[in-house]
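# A structural walkthrough
Spelled out from the first residue to the last, the chains are:
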Amino acid sequence: MIERIWAGRSWLYILLVPLSLLYGMITTLRRLCYKIGILRSWKAPVPVVIVGNLTVGGNGKTPVVIWLTENLQQKGYSVGVVSRGYGGKAAHYPLVITNKTTTIEGGDEPVLIHQRTGVPVVVAPRRSDAVKELLSLYDIDIIIADDGLQHYALARDYEIVVIDGQRRFGNGWWLPAGPMREYEGRLNTVNALITNGGTPQSGEISMLLKGDQAINIVTGEKRQVSELQQVVAMAGIGHPPRFYASLKNKGVNVIAEYSFADHQVYQQQQLSALVSPSQVLLMTEKDAVKCHSFAQENWWYLPVSAYLGSPGAEKMLSEIEKKLEWYKKT
């Protein structure tokens, strides 16, 4: 129901408009307080890049963080990543993600980013605490914040907004009547716009998520995803239909689909009940990082990587490099 309301396909949003106006007033005043100095932001001694969005739900921020991290590494920079760690609950913060950190402790996205890139990742509710911890432990040139566009307590040097190219901004209303965290005009103040799927509008960088090789969670075997038979697809991400549609576009024989809440904690029995021994359970990489300790041999996942369009992607990287060079000179 909430998806219908946020997409503008139901008039019930009207009932929530008073709450949305209150939400919008509070968020706007809060941002204004940081802008005029009533509330103060903490400034890091290295450049901070924010990868965020204006709407709730999965827009593709994590693949962008991975893409940006890998490209900056290739250019010789030392990268660190900070995150709120949604879905995780650690005994203490800041939490440094290691190969032994579970998603229950650190959250699925930070663990995934660390596994894919190998860069230092630190989680903390206050992202400035995470940044300070990173800088105290590692020699870092640049910090990327996974999400945090609205976390104005951390000063930033470059803002990237990721837009869902299919859903865009729904009905355009603030939460809870719509999916918006901030008003759409906020886009005019950020440095780069990346559109995941759909048709990019003027000034937006196109992005596609590509991945055709599935990996068995238990054995590590790799196989073309289109070769898998009797596939039961599952996803606990911000927008599961995107995953299912991508499988069908690749010619995967999907016989059933099961959606879970974003950041859902899974149990072995819960997922084992979805498939018979002759079927394949296929999930996203974000789901798989939560299942390694109890996965079955017929469980697979499909890793994807972001591909950003030119020349926008090169321009964005060049602008970030200029920030880096400025910091080195000061």
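Note that this is a predicted model, so its numbers are computed, not measured.

## Notes on the pairing of strand E5 (residues 142-146)
Burial within E5 is extensive, with 5 of its 5 residues counted as buried. Here E5 shows a buried face lined by Ile142, Ile144 and Asp146 and a second buried face lined by Ile143 and Ala145. Two elements, strand E1 (residues 48-52) and E5, share 4 bridges in a ladder whose sense is parallel. When the bridges of E5 are listed, Ile50 appears paired with Ala145.

## Re the side chain of His114
Assignment of secondary structure puts His114 in helix H5 (residues 108-117). On the basis of relative accessibility, which here comes to 12%, the residue His114 falls in the buried class. Those residues in contact with His114 that sit more than four places away from it in its chain are Ile97, Thr98, Asn99, Val119 and Val121.

## Side note on the UniProt feature "binding site: ATP" (unreviewed entry) in the chain
Within this numbering scheme, the UniProt entry marks Thr55, Val56, Gly57, Gly58, Asn59, Gly60, Lys61 and Thr62 as carrying the feature "binding site: ATP" (unreviewed entry). Annotated residues from the preceding list that form part of the lining of the largest pocket: these are Val56, Gly57, Gly58, Asn59, Gly60, Lys61 and Thr62. Here Thr55 lies in the loop between E1 and helix H3 (61-74). The exposure class of Thr55 is buried, given its relative accessible area of 5%. Once you skip the residues sitting within four places of it in the chain, Thr55 turns out to touch Arg168, Phe169, Pro179, Met180 and Arg181. By secondary structure assignment, the location of Gly57 is in the loop between E1 and H3. Residue Gly57 is classed as partly exposed on the basis of its relative accessible area of 30%. In this view, Gly57 contacts Arg167 and Gly238; residues no more than four positions away in its chain are not counted.

## Brief notes about the sheet that holds strand E12 (residues 254-259)
Consider a sheet: its strands pair through backbone hydrogen bonds, and that pairing is either parallel or antiparallel. The strand order E10-E9-E14-E13-E11-E12 describes an open sheet built from 6 strands, whose pairing is mixed. Each edge of the open sheet is held by one strand with a lone partner, namely strand E10 (222-224) and E12. Averaged over neighbouring strand pairs, the angle between their axes works out to 30° when direction is ignored. Note: strand E9 (residues 213-216) against E10, 3 bridges, orientation antiparallel.

## Looking at the domain arrangement of the chain
Taken domain by domain, the chain holds domain 1 (1-208 + 308-329) and domain 2 (212-303). The straight-line distance from the C-alpha centre of domain 1 to that of domain 2 is 26 Å. For the pair domain 1 and domain 2, the two sides together bury roughly 1,100 Å², of which 53% comes from carbon and sulfur. The largest per-residue losses of area from domain 1 upon contact with domain 2 belong to Thr103, Asp108 and Leu112, which jointly make up 36% of the total buried on that side. Close ionic contact of Glu109 with Lys286 constitutes a salt bridge, the shortest N to O distance being 2.9 Å. At the junction of domain 1 with domain 2, the criterion picks out 7 residue pairs in polar contact (both at pLDDT 80 or more). Of all the elements, H5 adds the most residues to the side of domain 1 that touches domain 2, at 6 residues. A class-by-class count of the residues in the side of domain 1 that touches domain 2 yields 3 nonpolar, 7 polar and 5 charged.

## What about the pairing of strand E2 (residues 79-83)?
By the criterion of burial, E2 is predominantly enclosed, with 5 of the 5 residues buried. Inspection of the sheet shows E2 paired to E5 by 5 bridges, in the parallel sense. Within E5, the residue paired with Val81 across the bridge is Ile144. Of the pairings in the sheet, the one linking E2 to strand E4 (residues 121-123) comprises 3 bridges and is parallel in character. Within the sheet, the bridge partner assigned to Val81 lies in E4 and is Val121.

## Focus: the environment of Asp262
You can see Asp262 is positioned in the loop between E12 and helix H8 (268-272). By relative accessible area, Asp262 is classed as partly exposed at 29%. Along the primary structure Asp262 and Gly57 are separated by 205 residues, whereas in three dimensions their C-alpha atoms are 8.1 Å apart. Setting aside its immediate chain neighbours within four residues, Asp262 contacts Gly236, Ile237, Gly238 and Lys286. Side chain to side chain, Asp262 and Lys286 meet in a polar contact 2.6 Å long.

Cut-offs used in this document
Residues numbered from 1 in each chain as written. Predicted model: local features only at pLDDT ≥ 70, side-chain atom pairs only at ≥ 80, totals over all residues. Heavy atoms only, no water. Buried < 20%, exposed > 50% of the residue type's maximum accessible area, 1.4 Å probe, protein only. Helix = DSSP H or I, 4+ residues; strand = E, 2+ residues; numbered from the N terminus. Pairing = 2+ DSSP bridges. Contact = heavy atoms within 4.5 Å. UniProt positions renumbered as here; feature names shortened; annotations may be inferred. 1 Å grid on protein atoms, 1.4 Å probe; cavity = no way out; pocket = protein on both sides within 12 Å on 5 of 7 lines; lining within 4 Å. Axes fitted to C-alpha atoms, helices over the stretch in contact; angles between N-to-C directions. Domains from an automatic or database assignment. Buried area = accessible area lost by both parts, 1.4 Å probe. Salt bridge = Lys/Arg side-chain N within 4 Å of Asp/Glu carboxyl O. Polar contact = N/O pair within 3.5 Å; in protein donor to acceptor, adjacent residues only side chain to side chain. Nonpolar A, V, L, I, M, F, W, Y, C, P; charged D, E, K, R; others polar.

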